[in-house]
Amino acid sequence: MTVTEQHQDHPGTGSRTSLRPEPPSRSGLRRQDAMWATVLIAPTAIGLLVFSIWPTLLTFYYSFTSWGAFGGHTWAGLENYTQLLHDSELLQSLVNTAILSLITLLSVPLGIVVAALLHRPDFRLTRFYRTVYFLPAVTLPASIALMWRLVYNGDFGPLNWTLSLVGIDGPSWLADSHTAIYALGVVSIWGSIGYNMVLFLAGMQAIPRDYYEAAELDGAGSISQFFQITVPLLTPTTFFVTVITVINALQAFDLVFLMIGKTNPALEKSQTVVYLFYEKGFVESQGGYAAAIAFVLLAVILVFTAVQFRMQRRWVHYG
Amino acid sequence: MAALCVGLAAAGCSGSDTGSNGGAAAKAESGAVTISYAIWEKPQLATMQKIAAKFHAENPKITVDIQLTPWEQYWTKLQTSLKGGSGADVFWMNIPNLKKYANGGVLMPIDAYVDRDKVDLGNYVPAVMDAYKFKDHVYALPKDVDAIALWYNKELFKQAGVDYPTADWTWDDLTAAAQKLTDPAKGVYGIAAPAEDQANYDNTILQAGGQILSADGKKSGLDSPEAIRGLQFWVDLINKYHASPSLQQMTDTDSEQMFTSGKVAMYYGGSWTVLDMKAIPEAKRFADVAPMPHDAQHYSVSNGLGMVINSKTKHPDAAWQWVKYLGGKAAAQMQAETGTVIPAYKGMADAWVKSSPEFNLQVFVDQLKYAQPLPSSIDTPAWRDPAAAELAKAWTGSASVEDAARKAAQIMNDALAKEGS
């Protein structure tokens, strides 16, 4: 190997003495490849370093400091982490986040079903429905929040109006601490079905039609085709979608910020970890403590993702 | 170089030579400059634009760029941008936040400018002017002063056969009227009793003889028997007399909306809501204002906005020009005559009252006789919202008023103790 490397440096001279001669043009290409690879990766690599890795390291450092409202921090040791252990608000927000993530996971099976329905070649208005389902994924969170707040309004909302037709007196969904987190969960599912559906559609398009044709010849109906062919062959996509959905759900912020708000009596039972991070860091000026919260969340996400990667051996089938 | 000197002088390093340097700075800043000006109230935007246009006509070299950020995001955006060394040149400040920002060194003291231009601080309502002094420095010229009063729906009163509220009303009169006005069949409640500090319980705590914050600023007064009485008054309206919508209902639809849509007959509203009320044709017909009912004493809290300068502004002189103009008589008059706010500039209240003859705005002005500035400490935001969230548990009935008040006081005391260290 060292020999060929030498030849790379002197492409004109070594080919005759080399044990494994390689055309000089190829090693030249290799060097060019390396250069181009570096050039092409550089923007992403620099971006990651500057906007992800460096801030992560800084945040880790800051989680051991105490901050004033306007800059200036002092070393606090493990103080923030001891405070974490006694923070019932953080514990509650972890519970809330877990509930919200579990509910949001429903968008995975629902996404498969919707994708399967829209994948059928004989289905009319396919494009229209695909757009309708994907719309929430590209709508501004603020307008989503505004619309759902109207829907959920206890006195004037269409949801309670509908319920009143069958004699049910609905609560103030977003302001009642028993219902708020579930109300958010429904919006979260609604918001992620479209994105998941698109990924599942892509996965389904990669399944060869022959399987279905063969199944049809054997007399399998569309439902058994779905469970015997589509679902098993989609498991790699399902795995990816599940991981992404869980990570996104664990980082939920905008729905709480826009639909609950800080004067809502249901806030305690519906605020997520990231919302608490925002409250502590940006409203109550406890930058160091907020950094520690961020690290707890990072740890939770790492653990969940690692568990999912281990579990995939049991149910994910690659080709 | 000259500009740098003035920048330092303005920051309070030496008052004696500002006069001579002021002239030099005018030369140094001879080019056109744009001053960014951050505000949070959309209803006031039009008036601010009018004032800025007039200012620009008189000072052609200075343009004011008004940046509107909704209240919910204003303080986080401001704090983050100031921390990052940017932020608007001039921005709105309120009493609860002044000490935090002044203490953090992000506001420019304006003493030197005030002395140089001989601005008479006696022109302003003293309670608000004093609130903008911190550690022997002046940080703002006050823009306005606000008051709370009782808005009531004349038509609902007539229908229920209840006499209109008067200046003699006590809490008991209010409670009795609210019960009579409540009509579950029509979905109408007597009063809206949200868990709001400035608009409601801060006032009743004072009226009951309690304090939110001790005089030395070191201890919470929320757990005193008087304060608990002041809080209980509101909680009873919801949970005992059922004369108010629940806190959950008022979270979905705020009390101002409930009032303007005829769902509640009374609510405590601020003088800053007058423009909103004027904008609704039906409200002009049925709404009017009465003084806040009293208890043992007449008392109310009052806030007032100040215009402060970013200590890192690149154009301190131009920023001051704008602050001086906004704090001056002409701008105060424009704010009053458009009904925007009660100017903090003395003698302008009459013009504000006359701007909206459809409502009896004089009661807001009269209310100021009993006004105390909103309670504030070095880091008010560290306890104001968390304490309010704790108190809200009494409103929803998930905690007793005593327990909620005790926990809120604890939160407040912990935060106050941290300020000292």
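Scope of this entry: the structure provided in the associated data block. As the structure is a prediction and not an experimental result, all values here were calculated from the model. (Residues numbered from 1 in each chain as written. Chains lettered and ligands numbered in written order. Predicted model: local features only at pLDDT ≥ 70, side-chain atom pairs only at ≥ 80, totals over all residues. Heavy atoms only, no water.)

## Observations regarding the overall build of chain B
Scanning chain B for helices and strands turns up 21 helices and 15 strands. Compactness check: chain B gives a C-alpha radius of gyration of 22 Å against a globular reference of 22 Å for 421 residues, within 12% of the reference. Considering only C-alpha atoms, chain B reaches an extent of 70 × 50 × 35 Å along its principal axes. For chain B, the residues scored as buried account for 57% of the 421 residues in total. Residue pairs at least 24 apart in sequence account for 75% of intrachain contacts in chain B once pairs closer than 6 positions are excluded. In the structure as shown, chain B presents an accessible area of about 16,700 Å², 52% of it carried by carbon and sulfur atoms. Taking the average location of the 38 positive side-chain charges in chain B and that of its 47 negative ones, the two points are 4 Å from each other. (Helix = DSSP H or I, 4+ residues; strand = E, 2+ residues; numbered from the N terminus. Rg over C-alpha atoms; globule rule 2.2 N^0.38 Å. Buried < 20%, exposed > 50% of the residue type's maximum accessible area, 1.4 Å probe, protein only. Contact = heavy atoms within 4.5 Å. Areas by Shrake-Rupley, 256 points an atom, 1.4 Å probe, with all protein chains shown as cover. Lys, Arg positive; Asp, Glu negative; His and termini not counted. Charge placed at Lys NZ, Arg CZ, Asp CG, Glu CD.)

## Section: a nonpolar patch on the surface
Residue and element names in this part refer to chain A. Where nonpolar side chains cluster on the molecular surface, the patch consists of Ile-46, Leu-48, Leu-49, Val-50, Phe-51, Ile-53, Trp-54 and Leu-57 and spans about 860 Å² of accessible area. Relative to the helices and strands, Phe-51 is located in helix H2 (residues 24-62). Judged by its relative accessible area of 68%, Phe-51 falls in the exposed class. (Patch = residues over 30% accessible without salt bridge, like charges linked within 9 Å, V, L, I, M, F, W, Y side chains within 5 Å. Salt bridge = Lys/Arg side-chain N within 4 Å of Asp/Glu carboxyl O.)

## Focus: the sheet that holds strand E6 (residues 140-142) of chain B
Residue and element names in this part refer to chain B. Within the open sheet, the five strands sit side by side as E2-E1-E3-E13-E6. Their pairing is mixed. On the outer flanks of this sheet lie strand E2 (62-68) and E6, each paired with one strand and no other. When strand polarity is set aside, the average angle formed by the axes of neighbouring strands in this sheet is 25 degrees. Here three bridges tie E6 to strand E13 (residues 306-309), and the two strands are oriented antiparallel to one another. For Leu-141, the partnering residue across the bridge sits in E13 and is Met-307. In this fold helix H4 (residues 71-83) packs onto strand E1 (33-39) and strand E3 (90-93), with an angle of close to 135 degrees to the strand it touches most, E3. (Pairing = 2+ DSSP bridges. Axes fitted to C-alpha atoms, helices over the stretch in contact; angles between N-to-C directions.)

## Structural notes on the interface of chain A and chain B
Across the boundary between the two partners, chain A contributes 22 residues, which contact 23 residues of chain B. Residues Glu-268 of chain A and Lys-393 of chain B are paired through a salt bridge, measuring 3.1 Å at the closest nitrogen-oxygen approach. Where chain A meets chain B, there are eight residue pairs in polar contact (both at pLDDT 80 or more). Class assignment for the residues of the side of chain A that touches chain B results in eleven nonpolar, six polar and five charged. (Polar contact = N/O pair within 3.5 Å; in protein donor to acceptor, adjacent residues only side chain to side chain. Nonpolar A, V, L, I, M, F, W, Y, C, P; charged D, E, K, R; others polar.)

## Some details on the nonpolar core
The nonpolar side chains of a soluble globular protein tend to be buried, and buried together. Ranked by internal contacts, the top residues of the largest apolar core, which has 147 residues, are Tyr-37, Met-266, Trp-322 and Trp-395 of chain B. Setting aside its immediate chain neighbours within four residues, Trp-395 of chain B contacts Ala-193, Pro-194, Ala-195, Tyr-201, Leu-231, Trp-234, Val-235, Ile-238, Asn-239 and Leu-247 of chain B. Among the nonpolar cores identified, the runner-up in size contains 21 residues, and Trp-148, Tyr-152, Leu-174 and Ile-260 of chain A belong to it. (Core = buried A, V, L, I, M, F, W, Y, C linked by side-chain atoms within 4.5 Å.)

## A word on the pairing of strand E11 (residues 287-290) of chain B
All names here are of chain B. Along E11, one buried face is formed by Ala-287 and Val-289 and the opposite face, lined by Asp-288 and Ala-290, is buried too. Inspection of the sheet shows strand E8 (residues 148-153) paired to E11 by four bridges, in the antiparallel sense. Bridge pairing in E11 places Trp-151 opposite Val-289.

## What to know about the packing of helix H14 (residues 273-283) of chain A against helix H15 (residues 287-315) of chain A
Residue and element names in this part refer to chain A. Interaxial distance between H14 and H15 falls to 8 Å at its minimum, and their mutual angle equals 165 degrees. When the axis of H14 is compared with that of H15, the two are roughly antiparallel. When the axes of H14 and H15 are compared, the crossing they make is left-handed. Where H14 abuts H15, its residues Val-273, Val-274, Leu-276, Phe-277, Lys-280 and Gly-281 lie against Tyr-289, Ala-290, Ala-291, Ile-293, Ala-294 and Leu-297. (Parallel < 35°, antiparallel > 145°, perpendicular 65-115°, else oblique. Left-handed = near helix turned anticlockwise from the far one by under 90°.)

## Some remarks on the environment of Val-308 of chain B
All names here are of chain B. Following the sequence through the fold, Val-308 ends up in strand E13. For Val-308, a relative accessible area of 1% corresponds to the buried category. In the structure, Val-308 is positioned 29 residues away from Ala-279 in sequence and 30 Å away in space, judged by C-alpha atoms. Each residue touching Val-308, except ones within four places of it in the same chain, is listed here: Asp-89, Val-90, Phe-91, Met-93, Leu-107, Tyr-139 and Ala-140.

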